[in-house]
Amino acid sequence: MEGFLISKTVFTACELGVFDVLLGKDRPMSAEEICQAVGASLDGAQRLLAACTGLQLLNTHQQDNGQVLYSNTEQASTYLTRSSPLSLYHSIQYSSRTIYLCWHYLTDAVREGRNQYEKAFGVSSTDLFQALYRSDEEMVKFMQLMNSIWNICGRDAVTAFDLSPFKIIYDLGGCSGALAKQCTSAYPECTVTIFDLPKVVRMSREHFVTEANQRISFHEGDFFKDLLPEADLYILARILHDWTDQRCVELLTRVYQACKPGGAVLLVEALLHEDGSGPLTVQLYSLNMLVQTEGRERTAAQYAALLAAAGFTRIQDRQTGKIYDAVLGRKEG
Ligand code: SAM
Ligand code: ASE
């Protein structure tokens, strides 16, 4: 009932920069100092800091003079500050500014069985990614959301199977390139090409992938319309969960046709248990796919059926124990 009180507390503390200020100072601070640094009222800041302490995001230090000082817990420094290498700051920002607003219409989404862009943002949802990328600013925010989790879960996803036999890899819908980076670091002999819509590629080139990484390149295109280049392995990470079964088979069929004999496709998705009993995170993500996309979260057997319908064989799945798992399908050599 009150889970959203916790989410909003975290959103607000992050947006005000409470954890960044404490990290920057590198010593415990009083509520007076913090409220000045983040531009908040003293009373408001005191209540927010108290709630963050209850959530174990802040530690308190009682002084002899009765004053209370605050410092970040290790978790807050690691995940809630902007500058940390494992920062989830941008994901939290996207949850706060976009997902939270969509979820206002969850009841309508469940009734109608469709996403809620028209009600939430006044944009047509005929073209899903036109709605998701309704402005350049929204596109960057979405790319930052996509980027952050792979610093935490990416290595496990790309090493769930031994991908070392595959040298030429295409990451279809590769977005900001965060998973491509994990891939080139785990497999020193591969090259990865990020295939995405032209404006995403442009943004990714300029702001996310540096020229220094010579094993990552880009290819602009529409994976539903344009010819897909030949490769040993295609990665589709969080792609199929955006789309209906029919669109998924359409896309996988195009991938199968482009794939070299002996090549493969790797799906990286959050897998539901076969009986649908969990994990809770994935059950909730599936509701989010309802309010935000045309897709759903699926079980390994459901992904295997989509892959088989497109021609792939020897389909295997691997749980990673983190949020995102892996399913591999092969094209006979
Ligand atoms: N694979 C990335 C990840 O897991 O972080 C991004 C996943 S994001 C949910 C979906 C990606 O597919 C976006 O980068 C989007 O721009 C791209 N995309 C959507 N429609 C596309 C199309 N028709 N052709 C190529 N890329 C597309
Ligand atoms: C998509 C993934 C996400 C499309 C919209 C999205 C995520 C959030 N919004 O392909 C990441 C997963 N998180 C949730 C809450 O679903």
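None of the values given here were measured: they were computed from a predicted structure.

### Examining the overall build of the protein chain
Next, step 1: Helix and strand counts for the protein chain stand at 16 helices and 10 strands.
Next, step 2: Taken over the C-alpha trace, the protein chain has a radius of gyration of 22 Å; the compact-globule value for 333 residues is 20 Å, and the two agree within 12%.
Next, step 3: Principal-axis analysis of the C-alpha atoms places the extent of the protein chain at approximately 75 × 50 × 40 Å.
Next, step 4: The burial tally for the protein chain puts 49% of its 333 residues in the buried class.
Next, step 5: For the protein chain, long-range pairs separated by at least 24 residues make up 66% of all intrachain contacts whose partners lie at least 6 apart in sequence.
Next, step 6: Summing over all exposed atoms, the protein chain offers an accessible surface of approximately 15,800 Å²; the carbon and sulfur share of this is 50%.

### Brief notes about the environment of Arg298
Next, step 1: As for its placement among the helices and strands, Arg298 is situated in the loop between helix 15 (280-292) and helix 16 (300-309).
Next, step 2: If we ignore the near neighbours within four places in the chain, the residues touching Arg298 are Leu240, His241, Trp243, Thr244, Asp245, Cys248, Ala270, Leu271, Leu272, Tyr303 and Leu306.
Next, step 3: One polar contact links the side chain of Arg298 to the main-chain carbonyl oxygen of Leu240, over a distance of 3.0 Å.

### What about the site of ligand 2?
Next, step 1: Around ligand 2 lies a shell of 13 residues, among which Met146, His241, Asp242, Asn288 and Gln292 are the nearest.
Next, step 2: With respect to ligand 2, the side chain of Asp242 contributes an N or O atom lying 2.5 Å from an oxygen atom.
Next, step 3: In the environment of ligand 2, an oxygen atom lies 2.8 Å from a nitrogen or oxygen atom belonging to the side chain of Asn288.
Next, step 4: Mapped onto the shell around ligand 2, the elements with two or more residues apiece are helix 10 (136-148) and helix 15.

### A look at the sheet that holds strand 1 (residues 29-30)
Next, step 1: In space, the three strands of this open sheet follow the order 1-3-2, with antiparallel pairing throughout. The sheet terminates laterally at strand 1 and strand 2 (58-62), the two strands that pair on one side only.
Next, step 2: In this structure, strand 2 lies alongside strand 3 (residues 68-72), joined through five bridges in antiparallel fashion. Across the sheet, residue Gln62 finds its bridge partner in strand 3, namely Val68.

### A few points about the domain arrangement of the protein chain
Next, step 1: Taken as a whole, the protein chain is organised into domain 1 (3-79) and domain 2 (154-330).
Next, step 2: For domain 1 and domain 2, the distance between their C-alpha centroids amounts to 38 Å.

### Some points on the layout of surface pockets
Next, step 1: The calculated volume of the second largest pocket comes to roughly 160 Å³.
Next, step 2: Within the residue set of the lining of the second largest pocket, elements represented by two or more residues are helix 6 (89-103) and helix 10.
Next, step 3: With three residues, the top contributor of residues to the lining of the second largest pocket is helix 10.
Next, step 4: Looking at the lining of the second largest pocket, its residues break down into four nonpolar, seven polar and one charged.

### Considerations on the packing of helix 10 against helix 11 (residues 150-159)
Next, step 1: Here helix 10 crosses helix 11 at 55°, and the two axes come no closer than 7 Å. Classified by the angle their axes make, helix 10 and helix 11 are oblique. Where helix 10 approaches helix 11, its residues Met146, Asn147 and Ser148 are matched on the opposing element by Trp150, Asn151 and Ile152.
Next, step 2: Taken together, the residues that form the contact of helix 10 with helix 11 break down as three nonpolar, three polar and no charged.

### Concerning the site of ligand 1
Next, step 1: The environment of ligand 1 is formed by 18 residues, the closest being Tyr133, Asp196, Asp222, Phe223 and Ala237.
Next, step 2: Taking Ala237, its main chain carries an N or O atom lying 2.8 Å from a nitrogen atom of ligand 1.
Next, step 3: Within the side chain of Arg238, one N or O atom sits 2.9 Å away from an oxygen atom of ligand 1.
Next, step 4: Considered on its own, ligand 1 offers 590 Å² of accessible surface; in the complex 97% of this is hidden by protein.
Next, step 5: Considered class by class, the residues forming the shell around ligand 1 number 12 nonpolar, two polar and four charged.

### Considerations on the packing of helix 11 against helix 12 (residues 178-186)
Next, step 1: Here helix 11 crosses helix 12 at 50°, and the two axes come no closer than 9 Å. When the interaxial angle is binned, helix 11 and helix 12 end up oblique. At the point where helix 11 passes helix 12, the crossing takes the right-handed sense. From helix 11, Trp150, Asn151, Gly154, Arg155, Val158 and Thr159 reach across to helix 12, where they touch Ala178, Leu179, Gln182, Cys183, Ser185 and Ala186.
Next, step 2: The residue inventory of the contact of helix 11 with helix 12, partitioned by class, reads six nonpolar, five polar and one charged.

### Description of the packing of aromatic side chains
Next, step 1: Counting across every chain of the model gives 12 aromatic pairs.
Next, step 2: Centroid distance Tyr117 to Phe121: 6.3 Å. Interplanar angle 35°. Geometry classified as tilted. With Tyr117 and Phe121 both in helix 8 (residues 117-121) and four residues apart, the pair spans about one turn of that helix.
Next, step 3: Taking relative accessible area as the criterion, Tyr117 reaches 0% and is therefore assigned buried.
Next, step 4: On the accessibility criterion, Phe121 (23% relative accessible area) is partly exposed.
Next, step 5: Between Tyr170 and Tyr234, the aromatic rings sit 6.4 Å apart at their centres with planes inclined by 40°, giving tilted as the arrangement. With Tyr170 in strand 4 (residues 168-172) and Tyr234 in strand 7 (residues 233-237), this pair connects stretches of sequence that are 64 residues apart.

About the thresholds
- Residues numbered from 1 in each chain as written.
- Chains lettered and ligands numbered in written order.
- Predicted model: local features only at pLDDT ≥ 70, side-chain atom pairs only at ≥ 80, totals over all residues.
- Heavy atoms only, no water.
- Helix = DSSP H or I, 4+ residues; strand = E, 2+ residues; numbered from the N terminus.
- Rg over C-alpha atoms; globule rule 2.2 N^0.38 Å.
- Buried < 20%, exposed > 50% of the residue type's maximum accessible area, 1.4 Å probe, protein only.
- Contact = heavy atoms within 4.5 Å.
- Areas by Shrake-Rupley, 256 points an atom, 1.4 Å probe, with all protein chains shown as cover.
- Polar contact = N/O pair within 3.5 Å; in protein donor to acceptor, adjacent residues only side chain to side chain.
- Near = heavy atom within 4 Å.
- Pairing = 2+ DSSP bridges.
- Domains from an automatic or database assignment.
- 1 Å grid on protein atoms, 1.4 Å probe; cavity = no way out; pocket = protein on both sides within 12 Å on 5 of 7 lines; lining within 4 Å.
- Points joined across faces, edges and corners; volume = space filled by probe spheres on them.
- Nonpolar A, V, L, I, M, F, W, Y, C, P; charged D, E, K, R; others polar.
- Axes fitted to C-alpha atoms, helices over the stretch in contact; angles between N-to-C directions.
- Parallel < 35°, antiparallel > 145°, perpendicular 65-115°, else oblique.
- Left-handed = near helix turned anticlockwise from the far one by under 90°.
- Phe/Tyr/Trp six-rings, centres within 6.5 Å; stacked < 30°, edge-to-face > 60°.

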